[in-house]
Amino acid sequence: MHRRRRTALLLSAAIAAAPLLAACGTDAHPGAAAVVGGQRITMAQLESRVSEVREAQRAAVDGDAQYAQAVAKTGTLTRDTLHGMVLDRVLHRAAQDAGVTVSRKEVREMRAGLEGQVGGAEALRTAWLQQYGVPPERLEENLRLQLEAQKLATRLGTDTSQPAFWKALSEASRKLDIDLNPRYGSWDVDKSSRVDEQAPWVRDVTTQQAPQPA
């Protein structure tokens, strides 16, 4: 369970805040948060994924005060969500290159095993939301990625914490020619990770305010 939890944390959008960045767009990213392997992750897709997490957080707590606390603990949700969306594609490409596949049966078995460990389906959904920022509707998608990561590591004769695993992700990142909208930083190919870039025309603005406790 420890390795699965660690991998989920690496590959999932981490729970962080919801400020968006106000910045001038560039001609290379009209309406796009990122371009990965020639395919766009649009701003609308990114905002939809952030909304899924926020709605799940709202449904999981009682009252505005608890929701405000959940939002306060998730200070960079938009950027972390984009990081997760890009890294998911990188992992999938690395798995494909290594000939790794995951079946629906394997996903079901993993889910059943985790539900048995944490105390049921609802407990698993809650744990994945609170710990990894994965909303219930994305749970099986995330479990498939965990299995891809585990099977890729096994194929490489290593585990997900070792340089050999991350080298494979780095090679996949390079092949995908990842280009982030500058408002979200840039993609470090060697680390397969999003990094922030400071620019004088970028400023944080809050577009979704958390409700204030009464």
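Here, the structure is the one placed above.
First, a word on scope: everything that follows refers to the structure included in this document. Since we're looking at a predicted model, the values are computed, not measured. (Residues numbered from 1 in each chain as written. Predicted model: local features only at pLDDT ≥ 70, side-chain atom pairs only at ≥ 80, totals over all residues. Heavy atoms only, no water.)

## Some remarks on the pairing of strand E2 (residues 32-36)
Counted only if it meets this: Relative accessibility under 20% of the residue-type maximum defines a buried residue, over 50% an exposed one, and the middle range a partly exposed one, all with a 1.4 Å probe and only protein chains included. Secondary structure counts use DSSP, requiring at least four H or I residues in a row for a helix and at least two E residues in a row for a strand, with both numbered from the N terminus. Pairing between strands requires that DSSP locate at least two bridges from one strand to the other.
Counting buried residues in E2 gives five out of five residues, a clear majority hidden from the surface. Across four bridges, the pairing between E2 and strand E3 (residues 39-42) is antiparallel. Bridging across to E3, Val36 finds its partner in Gln39. Between E2 and E3, which pair antiparallel in sequence order, lie two residues; one of them, Gly37, sits at a positive phi of approximately 60 degrees. Pairing of E2 with strand E4 (residues 179-180) involves two bridges; the strand directions are antiparallel. Among the inter-strand pairings, Ala34 is bridged to a residue of E4, identified as Leu180.

## Regarding the environment of Gly99
Assignment of secondary structure puts Gly99 in the loop between helix H4 (77-97) and helix H5 (104-118). Owing to a relative accessible area of 45%, Gly99 belongs among the partly exposed residues under this scheme.

## Quick look at helix H7 (residues 139-156)
Stated formally: Each helix should span, by expectation, one fewer than its residue count multiplied by 1.5 Å.
When the terminal C-alpha atoms of H7 are compared, their 26 Å separation across 18 residues agrees well with the 26 Å that a helix rising 1.5 Å per residue should span. Along H7, the positions that sit buried rather than exposed are Leu139, Asn142, Leu143, Leu145, Gln146, Leu147, Glu148, Ala149, Gln150, Leu152 and Ala153. The first or second residue beyond H7 is Gly157, which carries a positive phi of 70 degrees.

## Brief notes about the packing of aromatic side chains
The cut-off we apply is this: Side-chain rings of Phe, Tyr and Trp (the six-membered ring for Trp) are treated as a pair once their centres are within 6.5 Å; stacked means planes under 30 degrees apart, edge-to-face means over 60, and tilted covers the remaining angles.
One pass over the full model with this rule turns up two aromatic pairs. For the pair Trp128 and Tyr132, a centre-to-centre distance of 4.8 Å together with 80 degrees between the ring planes defines the contact as edge-to-face. Of this pair, Trp128 and Tyr132 both sit in helix H6 (residues 121-132), four residues apart, which is roughly one turn of the helix. Trp128 sits in the buried class, given a relative accessible area of 1%. Arranged with centres 5.6 Å apart and planes meeting at 85 degrees, the rings of Phe165 and Trp166 form a pair that is edge-to-face. The class for Phe165 is buried, based on a relative accessible area of 1%.

## Focus: the pattern of salt bridges
The cut-off we apply is this: Here, a salt bridge means any Lys or Arg side-chain nitrogen found within 4 Å of an Asp or Glu carboxyl oxygen.
Throughout the structure, instances matching the rule amount to 11 salt bridges. Across the pair Arg93 and Asp97 runs a salt bridge, and its minimum N-O distance is 3.1 Å. Pair noted here: Arg93 and Asp97 are both in helix H4, with a separation of four residues, about one helical turn. What makes Arg93 partly exposed here is its relative accessible area of 27%.

In short, shape yes, function no, at least from these values alone.
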